[in-house]
Amino acid sequence: MSQGGGTTPAGGNPTALQATGGGVVFSKVFIQRDYSEGTSVKFHTRLPAELEGMIERHVFEATINRLNEFYAEAEEGSCGTYCEGCIGCITAYLIYMCSETHYEKTLRKISKFVASQNERIYNTKGLQLIDPTYRGLRVIEITIFDRPGRT
């Protein structure tokens, strides 16, 4: 489990929270992938003990469930995604220089969702949700910031 390093995404920028008086990094919590239904991207919805009392269980579960829905949508095979693959093959994949794939579009939606959740819910509670794509879709990282007065 890496403790950071490298750059942090705009949707999960700890300095943005620090600039508003959020404090410094106190600790990190990692939500692991759920492989019980295969290798598709899905994360555990169980609230970690480290976050109890910091965020309501139903809010946390709703966020993780929505992320899981986004990843299921990204991996869903449809007529459009199959045609996309065929056109890519026919054009020697040069088409991807001009257009985004269904998967890339969905990843962009996920980044916007994470940023909005941070802005509306997590940052106000001293937490920062990091986009899973920045952790190789292996974990969801939640940074806990040390706030003045927290024991």
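Residues numbered from 1 in each chain as written. Predicted model: local features only at pLDDT ≥ 70, side-chain atom pairs only at ≥ 80, totals over all residues. Heavy atoms only, no water.

An unreviewed UniProt entry annotates the protein as Ras modification protein ERF4 originating from Drosophila melanogaster. Entered under Subcellular location (unreviewed entry) in the UniProt record, the comment concerning the protein runs "Endoplasmic reticulum membrane". UniProt annotates the protein under Subunit (unreviewed entry) with the comment "Interacts with ERF2." (UniProt positions renumbered as here; feature names shortened; annotations may be inferred.)

**Q** Help me understand the overall build of the protein, please; the structure alone is not making it clear to me.
**A** When helices and strands are counted, the protein shows four helices and three strands. Counting across all 151 residues of the protein, residues that qualify as buried make up 36%. Element-wise, carbon and sulfur atoms account for 56% of the exposed surface of the protein, whose accessible area totals about 8700 Å². (Helix = DSSP H or I, 4+ residues; strand = E, 2+ residues; numbered from the N terminus. Buried < 20%, exposed > 50% of the residue type's maximum accessible area, 1.4 Å probe, protein only. Areas by Shrake-Rupley, 256 points an atom, 1.4 Å probe, with all protein chains shown as cover.)

**Q** In this structure, what is going on with the pattern of salt bridges? I would like to understand it.
**A** One side chain can pair with another of opposite charge once the charged atoms of both are near each other. Counting across every chain of the model gives eight salt bridges. The shortest N-O distance in the salt bridge between Arg57 and Glu52 comes to 3.8 Å. The salt bridge involving Lys125 is made with Glu56; its shortest N-O contact spans 3.7 Å. With Lys125 in the loop between helix H4 (102–122) and strand S2 (127–130) and Glu56 in the loop between strand S1 (24–32) and helix H2 (57–75), the pair connects residues that are 69 residues apart, well separated along the chain. Overlapping salt bridges bring together Lys28, Arg135 and Glu141 as one network. (Salt bridge = Lys/Arg side-chain N within 4 Å of Asp/Glu carboxyl O.)

**Q** How should I be thinking about the environment of Arg135 in this particular structure?
**A** Topologically, Arg135 is positioned in the loop between S2 and strand S3 (139–146). A relative accessible area of 16% means that Arg135 is categorised as buried.

**Q** What's the story with the packing of H2 against H4 in this structure? I'm lost.
**A** How two helices pack is summed up by the angle between their axes together with the distance between the axes. Close contact between H2 and H4 brings their axes to 9 Å; oriented N to C, the two are set at 170 degrees. As far as their axial angle goes, H4 and H2 are roughly antiparallel. Residues Val59, Phe60, Thr63, Arg66, Leu67, Phe70, Tyr71, Glu73, Ala74 and Glu75 of H2 touch H4, and the partners they reach there are His102, Tyr103, Thr106, Leu107, Lys109, Ile110, Phe113, Val114, Gln117, Ile121 and Tyr122. In terms of residue class, the contact of H2 with H4 is built from 13 nonpolar, four polar and four charged. (Axes fitted to C-alpha atoms, helices over the stretch in contact; angles between N-to-C directions. Parallel < 35°, antiparallel > 145°, perpendicular 65-115°, else oblique. Contact = heavy atoms within 4.5 Å. Nonpolar A, V, L, I, M, F, W, Y, C, P; charged D, E, K, R; others polar.)

**Q** It is not clear to me how H2 should be interpreted in this structure. Could you clarify?
**A** Helical geometry note: an α-helix holds 3.6 residues per turn, so side chains three or four residues apart project in the same direction. For H2, which comprises 19 residues, the first-to-last C-alpha distance of 27 Å matches the rise-based estimate of 27 Å (1.5 Å per residue) to within 8%. All buried positions along H2 are accounted for by Val59, Phe60, Thr63, Ile64, Leu67, Asn68, Phe70, Tyr71 and Ala74. Buried-residue contacts for H2 involve S1, H4, S2 and S3. (Expected span 1.5 Å × (residues − 1).)

**Q** Even after reading the chapter, I still don't get the sheet that holds S2, so can you show me in this structure?
**A** Two pairing modes exist for strands in a sheet, parallel and antiparallel, and in both the strands are linked by backbone hydrogen bonds. Strand order across the open sheet formed by three strands is S1-S3-S2, with antiparallel pairing between neighbours. Either end of the sheet is taken by a strand with one partner, and the two such strands are S1 and S2. In this sheet, adjacent strand axes meet at a mean angle of 20 degrees when their direction is disregarded. (Pairing = 2+ DSSP bridges.)

**Q** What exactly am I supposed to notice about the nonpolar core here?
**A** A general tendency of soluble globular proteins is for nonpolar side chains to be buried together. Counting residues in each nonpolar core, the largest one holds 25 residues, and the members touching the most others are Leu51, Ile55, Phe60, Leu127, Ile140 and Ile142. Here this core takes six residues from H2, the largest share from any one element. Once you skip the residues sitting within four places of it in the chain, Ile142 turns out to touch Ser27, Lys28, Val29, Ile31, Leu51, Phe60, Leu127, Gln128 and Leu129. (Core = buried A, V, L, I, M, F, W, Y, C linked by side-chain atoms within 4.5 Å.)

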